[in-house]
Amino acid sequence: ILATAKIKPALNYYMLHVGMGPDPLGLRTFCDSNGIRTFAYGAVGEPGPNEELLSSPILKRIGKAHGNKSPEQVAVRWVLQSGAAVSVRPTTNFGLGTSTCTAPTCEDGLQQRADSFSWSLSAKEMKELDSLTSPNDNPTLFSSAEEK
């Protein structure tokens, strides 16, 4: 795209979550070296919430160490702290063709996501989360995963 674009992209929007590593398929390195920012979606999975990620004992342990943060909050914080912007859904009630957000669940979820800016993971926790290799997904623009 850089060879043919008249205007260089400012950001690359792709799926990124714990388990994919901090530089899936070398996208972060390529983008960073070309001045292109990462804008991540799917911090808790895509096209629906990833149960393996949300039930991870590691995310649960880290969340508990930070005042009972949820695995969702740990996952979002990991993306943010890695230096990427993140697009989040207010709840985990979504999937292919469905996305439900009703009060008060929606407001509570938005507050939890916003809370991701009020705390930090330690360097040791970031390294541990960076090293996870599952669930590993394809960092495509639109998820190629099939609904199960």
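Residues numbered from 1 in each chain as written. Predicted model: local features only at pLDDT ≥ 70, side-chain atom pairs only at ≥ 80, totals over all residues. Heavy atoms only, no water.

Engineer: What am I meant to see in the packing of aromatic side chains here?
Structural biologist: Any two aromatic rings considered together are summarised by their centre-to-centre distance and by the angle between their planes. Enumeration over the complete set of coordinates arrives at two aromatic pairs. With a centroid separation of 5.1 Å and an interplanar angle of 40 degrees, the aromatic rings of Tyr-13 and Tyr-41 are classed as tilted. Of the two residues, Tyr-13 sits in strand S1 (residues 11-15) while Tyr-41 sits in strand S2 (residues 37-41), which places them 28 residues apart along the sequence. Among the aromatic residues, ring-to-ring pairing joins Tyr-13, Phe-39 and Tyr-41 into one connected group. (Phe/Tyr/Trp six-rings, centres within 6.5 Å; stacked < 30°, edge-to-face > 60°. Helix = DSSP H or I, 4+ residues; strand = E, 2+ residues; numbered from the N terminus.)

Engineer: Just checking my understanding: could you explain the sheet that holds S1 for this structure?
Structural biologist: Two modes of strand pairing occur in sheets, parallel and antiparallel, and in both the strands are linked by backbone hydrogen bonds. Here three strands make up an open sheet; going across it, the order is S1-S2-S3 and the pairing parallel. Among the strands making up the open sheet, the edge pair consists of S1 and strand S3 (85-86). (Pairing = 2+ DSSP bridges.)

Engineer: How should the pattern of salt bridges be read in this particular structure?
Structural biologist: In a structure, side chains of opposite charge can pair up when their charged atoms sit close to one another. For the coordinates displayed, the defined rule picks out three salt bridges. Arg-61 is the partner of Glu-128 in a salt bridge, and the nearest nitrogen-oxygen pair spans 2.4 Å. Of this pair, Glu-128 sits in helix H6 (residues 123-130) while Arg-61 sits in helix H3 (residues 57-65), placing them 67 residues apart in sequence. Under the relative-accessibility criterion, Glu-128 is labelled partly exposed at 25%. Classification of Arg-61 by relative accessible area gives partly exposed; the value is 44%. (Salt bridge = Lys/Arg side-chain N within 4 Å of Asp/Glu carboxyl O. Buried < 20%, exposed > 50% of the residue type's maximum accessible area, 1.4 Å probe, protein only.)

Engineer: Mind showing me how you'd approach helix H4 (residues 71-81) here?
Structural biologist: Helical periodicity: at 3.6 residues per turn, an α-helix aligns residues three or four positions apart in one direction. Counting buried positions along H4 gives 10 out of 11 residues, so the element sits mostly inside the fold. Along H4, the residues that are buried comprise Pro-71, Glu-72, Gln-73, Val-74, Ala-75, Val-76, Arg-77, Trp-78, Val-79 and Leu-80. Next to the buried residues of H4 lie S2, helix H2 (51-54), H3, S3, helix H5 (105-114) and H6. In the segment just after H4, Gly-83 is the residue with positive phi, at about 100 degrees. (Contact = heavy atoms within 4.5 Å.)

Engineer: I keep staring at the environment of Thr-100 and nothing clicks. Help me out?
Structural biologist: You can see Thr-100 is positioned in the loop between strand S5 (98-99) and H5. Sequence separation between Thr-100 and Pro-90 is 10 residues; the distance between their C-alpha atoms is 9.3 Å. Beyond its immediate stretch of four places on either side in the chain, Thr-100 contacts Thr-91 and Asn-93.

Engineer: Sorry, what's going on with the nonpolar core here?
Structural biologist: If you look at the biggest cluster of nonpolar residues, it comprises 25 residues, and the most contacted ones within it are Val-18, Leu-59, Val-74, Trp-78, Val-79, Leu-121 and Leu-129. Of all the secondary-structure elements, those providing two or more residues to this core are H2, H3, H4 and H6. Here the element with the most residues in this core is H4; it accounts for six residues. Excluding its chain neighbours within four sequence positions, the residues that come into contact with Val-79 are Leu-16, Ala-40, Ala-43, Ala-84, Ala-85 and Val-86. (Core = buried A, V, L, I, M, F, W, Y, C linked by side-chain atoms within 4.5 Å.)

Engineer: Is there a simple way to explain H5 in this structure?
Structural biologist: Those residues of H5 lying buried are Cys-106, Gly-109 and Arg-113. Taken around the axis of H5, the buried residues stretch over an arc of 65 degrees, which confines them to a single face. On its buried side, H5 packs onto H4. (Arc of directions from axis to C-beta.)

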